[in-house]
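# Notes for the structure review
One letter stands for each residue in the lines below.
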Amino acid sequence: MGEMARKMAGPKVDELIEDLNRAYADEWLAFFYYKTAAEIAEGLNREIVAEKFSKIADEELHHAEELAERIGQLGGEVIKEFDDIKARANCKTVKLPEDPKDLEGFLRAGIEAEQCAIKVYVEILEKLKSDIKDPITFHVIRHILQEEVEHEDDFETLLG
Ligand SMILES: [Fe+2]
Ligand SMILES: [Fe+2]
């Protein structure tokens, strides 16, 4: 852990680490549900929808890695139990449709999940603008937020 990194983030560094861990949990759940969507989606345009879910899932996993790295730099520890991932996530589920041929249902679930993620990252950024001054975490979160906005747009485009 970086002593200077902790000092830079100020007295609320542990609150920040918890926020980052919750977002980390969200990313793992998004990865899981998106890969599952890619696996189970059926029907005429299955290929294009599955490909999109799979590609975005990989980006969510990368977000989890970026968050984990920052948590470590701040002297925190990432969540180690899957039960904890589920319990501490902000966006606890991606509501995949019952019918595997309901491709629109998959895309709507993706959009809803991205909107939840966007809300979470906007809230973290707001904190980083006001009472937790940490330009490095700000940069990491801003970059992730930008990709979540692109994900929402990607799903919306496919939904038409
Ligand atoms: Fe993400
Ligand atoms: Fe996303």
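Shown above is the structure to which this text applies.
Below you will find a few notes about this structure. (Residues numbered from 1 in each chain as written. Chains lettered and ligands numbered in written order. Predicted model: local features only at pLDDT ≥ 70, side-chain atom pairs only at ≥ 80, totals over all residues. Heavy atoms only, no water.)

Bringing the coordination of the iron ion (ligand 2) into the picture now. Bound to the iron ion (ligand 2) are the protein donor atoms Glu 60 (OE), Glu 114 (OE), Glu 114 (OE), Glu 148 (OE) and His 151 (ND1), situated 2.0 to 2.4 Å from the metal. All donor residues of the iron ion (ligand 2) come from one chain, and their arrangement in sequence is E-x53-E-x33-E-x2-H. Take Glu 148: its relative accessible area is 1%, and that puts it in the buried class. Looking at His 151, the relative accessible area reads 1%, which means it is buried. (Donors = N, O, S within 2.8 Å, 3.2 Å for Na, K, Ca; no water. Buried < 20%, exposed > 50% of the residue type's maximum accessible area, 1.4 Å probe, protein only.)

What follows deals with the state of the cysteines. Working definition of a disulfide: a covalent bond connecting the sulfur atoms of two cysteines. Applying the stated criterion across every chain yields a total of 1 disulfide. The partner cysteine of Cys 91 in its disulfide is Cys 116, sulfur to sulfur 2.0 Å. Here the S-S torsion is close to -95 degrees, and the disulfide linking Cys 91 with Cys 116 is therefore left-handed. Here Cys 91, found in the loop between helix H4 (82-88) and helix H5 (103-130), pairs with Cys 116, found in helix H5; they are 25 residues apart in sequence, far enough to count as distant. Given the relative accessible area of 24%, Cys 116 is considered partly exposed. (Disulfide = S-S within 2.5 Å. Helix = DSSP H or I, 4+ residues; strand = E, 2+ residues; numbered from the N terminus.)

The next point concerns the packing of helix H2 (residues 13-40) against helix H6 (residues 135-159). Between H2 and H6, whose axes approach to 13 Å, the crossing angle comes to 30 degrees. Considered as vectors, H2 and H6 are oriented roughly parallel to each other. H6 is crossed by H2, and the crossing has left-handed handedness. Residues Leu 16, Leu 20, Glu 27 and Tyr 34 of H2 pack against Thr 137, Ile 141, Ile 144, Glu 148 and Phe 155 of H6. Of the residues belonging to the contact of H2 with H6, the class tally is 6 nonpolar, 1 polar and 2 charged. (Axes fitted to C-alpha atoms, helices over the stretch in contact; angles between N-to-C directions. Parallel < 35°, antiparallel > 145°, perpendicular 65-115°, else oblique. Left-handed = near helix turned anticlockwise from the far one by under 90°. Contact = heavy atoms within 4.5 Å. Nonpolar A, V, L, I, M, F, W, Y, C, P; charged D, E, K, R; others polar.)

Let us look at the coordination of the iron ion (ligand 1). Around the iron ion (ligand 1), the protein contributes the donor atoms Glu 27 (OE), Glu 27 (OE), Glu 60 (OE), His 63 (ND1) and Glu 148 (OE), at 2.0 to 2.4 Å from the metal centre. Spacing between the donor residues of the iron ion (ligand 1) along the chain follows E-x32-E-x2-H-x84-E. Between the iron ion (ligand 1) and the iron ion (ligand 2), a separation of 3.9 Å is found, and both are coordinated by Glu 60. Of the two residues, His 63 sits in helix H3 (residues 46-73) while Glu 148 sits in helix H6, which places them 85 residues apart along the sequence. Judged by relative accessible area, which is 0%, His 63 ranks as buried.

Next up on the list: the packing of aromatic side chains. Summed over the entire model, instances satisfying the criterion amount to 7 aromatic pairs. On the basis of an interplanar angle of 75 degrees and a centroid distance of 6.5 Å, the ring pair of Phe 53 and Phe 106 is categorised as edge-to-face. Of this pair, Phe 53 sits in helix H3 while Phe 106 sits in helix H5, and the two are 53 residues apart along the sequence. Here Phe 53 and Phe 106 have matching classes, each one buried. Summarising the aromatic geometry, the rings of Phe 53 and Phe 155 are spaced 4.7 Å apart at their centres and angled 35 degrees between planes, so their arrangement reads as tilted. With Phe 53 in helix H3 and Phe 155 in helix H6, this pair connects stretches of sequence that are 102 residues apart. Each member of the aromatic cluster is reached from another via a ring pair, and the members are Tyr 34, Phe 53, Phe 106 and Phe 155. (Phe/Tyr/Trp six-rings, centres within 6.5 Å; stacked < 30°, edge-to-face > 60°.)

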